[in-house]
Amino acid sequence: MNILIIEDEKLAASRLSSLIRSFDQGTKIVGTLDSIKATVEWFASHPQPDLAFMDIQLADGLSFEIFDQTMVACPVIFTTAFDEYALRAFKVNSIDYLLKPIDMDELNRAMEKFSHWQRDVSKPDAIALPVMDRMLQMLTQTYKNRFLVKAGEHIRTIPVEQVMF
């Protein structure tokens, strides 16, 4: 399987590459790109990879601009530290949306989803509902209802209603 990584943080790109290789040692990373410009140029001169991992916030803008400037026919797994772009990601070739720091279990689920997608490529609606459900779950804000506070040698639980400042 040929995978393209679009990530502007070298350490994050290296870690993602290692996680991908530990998932499947037969995987080939065909490129690691760090900008919208480089990615657009890459897609213009290379065959489409089987899968792309895209960070959303790159140094020269949001990776969604890539879709406006060139044809991206491969499925994409978005990686980001922010959940605010989940719906927008779903509107393009998104298979999954992983929040950083990416852990192996999340990557495994995303890769399994990709494998199912490959088998069911003639039935694109087969993955649409699970992906949409996950996106909606990410957008549902949950807030703390209590805080743990150290008071001397003890830890106390303080309900949010009792916090003034």
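Residues numbered from 1 in each chain as written. Predicted model: local features only at pLDDT ≥ 70, side-chain atom pairs only at ≥ 80, totals over all residues. Heavy atoms only, no water.

Draft legend 1. Broad picture of the side chain of Ser 35. Relative to the helices and strands, Ser 35 is located in the loop between strand 2 (28-33) and helix 2 (36-45). Classification of Ser 35 as buried rests on a relative accessible area of 14%. At a separation of 3.0 Å, a polar atom in the side chain of Ser 35 contacts the main-chain amide nitrogen of Ala 38. Setting aside residues no more than four positions away along its own chain, Ser 35 makes contact with Leu 58 and Asp 60. (Helix = DSSP H or I, 4+ residues; strand = E, 2+ residues; numbered from the N terminus. Buried < 20%, exposed > 50% of the residue type's maximum accessible area, 1.4 Å probe, protein only. Polar contact = N/O pair within 3.5 Å; in protein donor to acceptor, adjacent residues only side chain to side chain. Contact = heavy atoms within 4.5 Å.)

Draft legend 2. Focus on the packing of helix 1 (residues 10-23) against helix 5 (residues 104-119). Between helix 1 and helix 5, the shortest axis-to-axis distance is 10 Å and the interhelical angle comes to 60°. In terms of orientation, helix 1 and helix 5 fall into the oblique class. The way helix 1 lies across helix 5 gives a crossing that is right-handed. Note on element contacts: helix 5 touches helix 1 through Met 104, Leu 107, Asn 108 and Met 111, opposite Leu 19, Ile 20, Ser 22 and Phe 23. Residues that form the contact of helix 1 with helix 5 fall into these classes: 6 nonpolar, 2 polar and no charged. (Axes fitted to C-alpha atoms, helices over the stretch in contact; angles between N-to-C directions. Parallel < 35°, antiparallel > 145°, perpendicular 65-115°, else oblique. Left-handed = near helix turned anticlockwise from the far one by under 90°. Nonpolar A, V, L, I, M, F, W, Y, C, P; charged D, E, K, R; others polar.)

Draft legend 3. Layout of the environment of Thr 32. Structurally, Thr 32 is set in strand 2. Since its relative accessible area comes to 45%, Thr 32 is described here as partly exposed. In the structure, Thr 32 is positioned 29 residues away from Ile 3 in sequence and 9.1 Å away in space, judged by C-alpha atoms. If near-sequence neighbours (up to four positions away) are discounted, Thr 32 is found in contact with Ile 5 and Ala 13.

Draft legend 4. Here's a closer look at the nonpolar core. Among the nonpolar cores identified, the biggest contains 21 residues, and Leu 4, Ile 6, Met 54, Ile 66, Val 72, Val 76 and Phe 78 are the most heavily contacted of them. The set of elements that each furnish at least two residues to this core consists of strand 1 (2-6), helix 2, strand 3 (51-55), helix 3 (64-69) and strand 6 (76-80). It is helix 2 that provides the largest number of residues to this core, a total of 4 residues. Counting residues in each nonpolar core, the second largest holds 17 residues, with Ile 3, Ile 29, Ile 102 and Ala 110 among its members. (Core = buried A, V, L, I, M, F, W, Y, C linked by side-chain atoms within 4.5 Å.)

Draft legend 5. Geometry of helix 2. Listing the buried residues of helix 2 in full gives Ile 36, Thr 39, Val 40, Trp 42 and Phe 43. Down the axis of helix 2, the buried side of the element spans an arc of 160°, and every buried residue falls inside it. Residues of helix 2 that are exposed and point more than 90 degrees away from the buried face comprise Lys 37, Ala 44 and Ser 45. On its buried face, helix 2 is in contact with strand 1, strand 2, strand 4 (57-58), strand 5 (61-62) and helix 3. Backbone nitrogen of Ala 38 and a side-chain oxygen of the N-cap are separated by 3.0 Å at the start of helix 2; the cap is Ser 35. (Arc of directions from axis to C-beta.)

Draft legend 6. Broad picture of the sheet that holds strand 2. An order of 2-1-3-6-7 is seen for the 5 strands of this open sheet, with the pairing classed as parallel. Looking at strand neighbours, the two that pair on one side only are strand 2 and strand 7 (94-99), the edges of this open sheet. Strand-to-strand, the axes of this sheet are offset by a mean angle of 15°, without reference to chain direction. With 4 bridges connecting them, strand 3 and strand 6 associate as parallel partners. Residue pairing across strands places Phe 53 opposite Ile 77, the latter belonging to strand 6. The sheet contacts of helix 1 involve strand 1, strand 2, strand 3 and strand 6, and relative to strand 1 the element is tilted by about 160°. Most of the contacts of helix 5 go to strand 7, to which it runs at about 180°, and overall it touches strand 1, strand 3, strand 6 and strand 7. (Pairing = 2+ DSSP bridges.)

Draft legend 7. A look at a negative patch on the surface. There is a patch of like negative charges on the surface, built from Asp 34, Asp 60, Glu 65 and Asp 68. The residue Glu 65 is located in helix 3 in this model. (Patch = residues over 30% accessible without salt bridge, like charges linked within 9 Å, V, L, I, M, F, W, Y side chains within 5 Å. Areas by Shrake-Rupley, 256 points an atom, 1.4 Å probe, with all protein chains shown as cover. Salt bridge = Lys/Arg side-chain N within 4 Å of Asp/Glu carboxyl O. Lys, Arg positive; Asp, Glu negative; His and termini not counted. Charge placed at Lys NZ, Arg CZ, Asp CG, Glu CD.)

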